[in-house]
Amino acid sequence: MTLRPATAARSGIAALAILLCAPATSALANPAVETVEDFFAWARATGATTADYESLSETGPADAVLRGAKLSWTFDFSLFGENIDVDLSIDSPETRFFGASRDDNGVAFDRFEQPGVHEIRLTGSISEDGKPQPVDLTVRQYDLVAKDMYQAYWTLEDTPEKPVSRFIPLIRSGLRNRAQSISVRALEAVSQMPDGARGTERQEKISMTGLANGRLEEYRVGKSLSENRVETQDDGTEVFTLRQEIGESVSTGIDIKPVLRLIGALDSDQAVGQTLLASSTVSDISISSSFFEAAIREFGVKGAKVDADTRPFDIFPLLDQLVLGTFEQNHDENESLALGRQVMTSLEGISIASMTLSGLAVTADEVNASLESASASDTSYGGFGDFTMTGLSLRAAEDNTAIDLEHFRMADFEMPPLASFFDAVVVRQNREPNLVEMLSVVPTLGELELEDMSVVSDEISGTVALERFRLSMRDFIAPIPTDVEVRTEGLEMPVALIEEEEARKLFETLGLTSFRYEDEMRLRWDPDDKTLTLDPMTIRIDGGGSLDFSAEVGGIPRKVFEDPAQAQMALATATINHARLEIRDAKLVSAFIAGQAKAADLSPETLALALADQGASALGPLRDTPFGKSLHGAMKAFLVAPDHLILTLEPKSPVPAMQILGLVATTPSMLPGLLNAAVAANP
């Protein structure tokens, strides 16, 4: 695992922490001097290659100044089969202690200062695929001041058989650290990583207030700047440079204990809340490279937490086994998958109440983009409650393309339990999953909305515009919604975009270069009476006509939604309750008949009547029934003047689908009477 030094230093001045990790010894006249001397004695006894200082002076009964401190250690070990050979050094020119006092668990200071530049450096190599790669990390701290500070002594078990678990007591002792305030004028980090990446990072005006019991009231950084260069290791060729600048960032209510509880690092009786982070705001973010620039006015997070009922997962014994290389010996494939499911289940307990972003702008050679705002609420590994974007704008050089979207919203997005993805992997290793198993990893979406969208491009020779689109899905059975609403308002697009040539010609015959489309549909299933209702389903094309359809089918069992592969079983119980089709002002029908008549050198009326006769002939046994004759007459009237057509099925009582299928095969002429079918044109 790679640790960025500046990030590590932000959690609380690494040099300070190392300086105060000595165990308590007998009290001396000056507790500040005692603390320093104990520490250097401990460092020499535990393998430090350098543990010296130029001077240690008492400046008061509980005050002291340490000058010219130098510390270094050499580490050579293997991790996951790779060798790590590094040297850690600390250069601390001056440290001032004021009002020191000690107890059995740690040391306290009224004030602690490290003026000037203090440096921590890690150099050496980390092997990758057996080849040593250089690593060089340097952190410089400028002018640190801490007030009313308490540093607990570190406890580190000497248990080689527990290479990771041995750090648990150290983690727990860290919860006893406290400070009224800590400030650092600046932190700098310079790094060279084994993958060839090189980077620098600087943060200014850093302050922390209210540190106690693993919780920090506020963490503030006035300004940040980082620059990273990715290079090849062979010839040093620069691939790209990424520069990032950040204005002020402020985080409040940071608490590490919920995470420590989640991974099994706390005592079982440790009192733990749920909140990881009360709030965090970062302003004036800019990112740039040779091929793009991006800026964000502000980004914020509120209410990150771990649910109190989330089951902890003790990860440390597993990490011990991974480091020692014994994990595969102790766990077969099924046990490994079970552990993976436990990890995924624990992660589901992490959530964020809200995230916001404003003022995004991206500039690149071929594409520019901007976004006024974006927000998300109730986010977690299990999905999110709401995601909204406003003021999205994209500009692409290709075909002079411009895309604008004023409003976009998704709501009630839910992922299946993360553990179900492990189950899906296991199934696919042995056989093709069935439909139910595939549906078990399908997410669900409650709402989708788009408003005021437009697309302009040379390729489409016009504008595609949408006033509003809304999709709503509710009452899910597995991932299948049983209540669906769809509405499209004000969709306009050029006729030229219609790919099917005959359909495009119909609009051109009407003299249209663009058309406006709207629709509305709701399909819902009632679990109490087992009816499936489509009402309404409406399609409208300005200048082309409108269609309204509604229907109700009864006897639809829940099993159809639970296992769609068994949908055919619904035929045994399904009934036709009623249906209605209504077409108005069908100018597209007139255009079709006019085009066909012209090609056949006929009048539109002659062709319309011929088509009606042809349709009547196709009715077969129904042709000579009262309904067949009525339908023939209605077709004639409507095709000649397609103003209004109504077709209804209104049986006196629901008609079983199996009865309908039987009549189709035996006596289809009885169907219109059974369904009480009626038709009328231009009433």
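Quick note: structure is the one above.
Let me begin by describing the structure that accompanies this report. Not measured: the values here are computed from a predicted model. (Residues numbered from 1 in each chain as written. Predicted model: local features only at pLDDT ≥ 70, side-chain atom pairs only at ≥ 80, totals over all residues. Heavy atoms only, no water.)

Another aspect to go through is the overall build of the protein. Helices and strands together make up the secondary structure of the protein, namely 17 helices and 28 strands. Taking 26 Å as the expected radius of gyration for a compact globule of 683 residues, we find that the protein reaches 37 Å, considerably beyond that expectation. Taking the principal axes of its C-alpha atoms as reference, the protein extends roughly 115 × 50 × 45 Å. Within the protein, buried positions represent 39% of all 683 residues. Look at the contacts in the protein between residues 6 or more apart in sequence, and 60% of them connect residues 24 or more apart. Taken as a whole, the protein presents about 35100 Å² of accessible surface, with 55% of it coming from carbon and sulfur. Where the 58 positive side-chain charges of the protein centre and where its 105 negative ones centre are 3 Å apart. (Helix = DSSP H or I, 4+ residues; strand = E, 2+ residues; numbered from the N terminus. Rg over C-alpha atoms; globule rule 2.2 N^0.38 Å. Buried < 20%, exposed > 50% of the residue type's maximum accessible area, 1.4 Å probe, protein only. Contact = heavy atoms within 4.5 Å. Areas by Shrake-Rupley, 256 points an atom, 1.4 Å probe, with all protein chains shown as cover. Lys, Arg positive; Asp, Glu negative; His and termini not counted. Charge placed at Lys NZ, Arg CZ, Asp CG, Glu CD.)

Along strand β28 (residues 677–681), the buried face is formed by Ala-677, Val-679 and Ala-681; none of Ala-678 and Ala-680, which line the opposite face, is buried. The sheet contact formed by strand β26 (residues 644–649) and β28 spans five bridges and is antiparallel. Paired with Ile-646 across the strands is Ala-680, a residue of β28. (Pairing = 2+ DSSP bridges.)

Residue placement: Thr-482 occurs in strand β21 (residues 480–494). Looking at Thr-482, the relative accessible area reads 6%, which means it is buried. Here the side chain of Thr-482 touches Asp-475 through a polar contact of 2.6 Å, landing on its backbone oxygen. Ignoring any residue separated from it by four or fewer positions in sequence, one finds Thr-482 in contact with Arg-474, Asp-475, Ile-477, Leu-523, Arg-524, Trp-525 and Phe-561. (Polar contact = N/O pair within 3.5 Å; in protein donor to acceptor, adjacent residues only side chain to side chain.)

A word on unusual backbone geometry. Glycine aside, a negative phi is what most residues show, and trans is what most peptide bonds show. A cis amide bond links Asp-535 with the next residue in sequence, Pro-536, at an omega value of 0°. Within the fold, Pro-536 resides in strand β23 (residues 531–541). The backbone of Asn-213 shows a phi angle near 55°, a positive value even though the residue is not glycine. For Asn-213, the position within the fold is in the loop between β9 (198–212) and β10 (215–231). Taking relative accessible area as the criterion, Asn-213 reaches 41% and is therefore assigned partly exposed. Backbone geometry at Asp-475 places phi at a positive 50°, although glycine is not the residue there. Within the element layout of this structure, Asp-475 appears in strand β20 (residues 462–477). Of the residues examined, Asp-475 reaches a relative accessible area of 52% and is grouped as exposed.

This brings us to the pattern of salt bridges. A pair can form between side chains of opposite charge whenever their charged atoms are brought close. Overall, the coordinates contain 44 salt bridges when judged by the stated rule. Across the salt bridge formed by Glu-94 and Arg-67, the nearest N and O atoms sit 3.9 Å from each other. On the criterion of sequence distance, the pair formed by Glu-94 in strand β4 (residues 82–98) and Arg-67 in strand β3 (residues 63–79) is long-range, its members being 27 residues apart. For Arg-67, a relative accessible area of 34% corresponds to the partly exposed category. Asp-542 is the salt-bridge partner of Arg-516, the closest N and O atoms lying 3.8 Å from each other. Highlighted residues: Arg-516 in strand β22 (residues 514–526) and Asp-542 in the loop between β23 and β24 (545–554), separated in sequence by 26 residues. One connected set of salt bridges, linked through shared partners, spans Asp-386, Arg-409, Glu-447, Glu-449, Glu-451, Arg-468, Arg-470, Arg-487, Glu-489 and Glu-520. (Salt bridge = Lys/Arg side-chain N within 4 Å of Asp/Glu carboxyl O.)

All right, on to the side chain of Glu-94 then. Looking at Glu-94, the relative accessible area reads 17%, which means it is buried. If we skip the residues at most four places from it in the chain, Glu-94 touches Val-65, Leu-66, Arg-67, Glu-113, Gln-114, Pro-115 and His-118.

Turning our attention to the packing of helix α8 (residues 333–347) against helix α9 (residues 419–430). Two numbers describe how α8 lies on α9: the axes approach to 8 Å, and their chain directions differ by 155°. Accordingly, the angle class assigned to the pair α8 and α9 is roughly antiparallel. Between α8, through Glu-333, Leu-337, Gly-340, Arg-341, Met-344 and Thr-345, and α9, the contact on the second element is made entirely by Ala-419, Phe-422, Asp-423, Val-426 and Gln-429. Split by residue class, the contact of α8 with α9 holds five nonpolar, three polar and three charged. (Axes fitted to C-alpha atoms, helices over the stretch in contact; angles between N-to-C directions. Parallel < 35°, antiparallel > 145°, perpendicular 65-115°, else oblique. Nonpolar A, V, L, I, M, F, W, Y, C, P; charged D, E, K, R; others polar.)

Moving on to helix α11 (residues 501–509). The N-capping residue of α11, defined by a side-chain oxygen 3.0 Å from the backbone nitrogen of Glu-502, is Glu-500. Within two residues after α11, Gly-511 carries a phi angle of roughly 80°, on the positive side.

Here β20 pairs with β21 via eleven bridges, running antiparallel. Bridging across to β21, Met-473 finds its partner in Val-484. Between β20 and β21, which pair antiparallel in sequence order, lie two residues; one of them, Ala-478, sits at a positive phi of approximately 55°. In the sheet, β21 pairs with β22 via ten bridges, with the strands oriented antiparallel. Of the residues in β22, the one forming a bridge with Pro-494 is Ser-514.

Further remarks concern the packing of aromatic side chains. Taken as a whole, this structure holds twelve aromatic pairs when the rule is applied. Members of the aromatic cluster, each reached through a chain of ring pairs, are Phe-39, Phe-40, Trp-42 and Tyr-53. When the ring centre of Phe-167 is taken as origin, the NZ or CZ atom of Arg-166, which lies over that ring, is 5.5 Å away. We note Arg-202 situated over the ring of Tyr-142; from NZ or CZ to the ring centre the distance is 5.5 Å. (Phe/Tyr/Trp six-rings, centres within 6.5 Å; stacked < 30°, edge-to-face > 60°. Lys NZ or Arg CZ within 6 Å of the ring centre and 35° of its normal.)

The grouping of Leu-571, Met-658 and Leu-661 at the surface amounts to a nonpolar patch, some 280 Å² of accessible area in total. Along the chain, Met-658 falls in helix α16 (residues 657–665). Take Met-658: its relative accessible area is 47%, and that puts it in the partly exposed class. (Patch = residues over 30% accessible without salt bridge, like charges linked within 9 Å, V, L, I, M, F, W, Y side chains within 5 Å.)

Within the secondary structure, Val-560 is located in helix α12 (residues 559–562). Separated by 83 residues in the primary sequence, Val-560 and Ile-477 have C-alpha atoms spaced 9.7 Å apart. Once residues within four sequence positions are removed from consideration, Val-560 is found in contact with Ala-567 and Ala-570.

A few words now on the nonpolar core. In terms of nonpolar packing, the biggest core is built from 37 residues, with Phe-40, Leu-66, Leu-71, Trp-73, Phe-97, Phe-109 and Phe-112 touching the most fellow members. Elements supplying a minimum of two residues to this core: α3 (31–45), β3, β4, β6 (106–128), β7 (131–152), β8 (178–192), β9 and β10. At six residues, α3 tops the list of elements feeding residues into this core. Setting aside anything within four residues of it in sequence, one finds Leu-71 in contact with Phe-39, Phe-40, Ala-43, Thr-50, Ala-51, Leu-88, Ser-89 and Ile-90. Within the second largest apolar cluster, 20 residues are counted, among which are Leu-357, Ala-374, Phe-413 and Leu-448. (Core = buried A, V, L, I, M, F, W, Y, C linked by side-chain atoms within 4.5 Å.)

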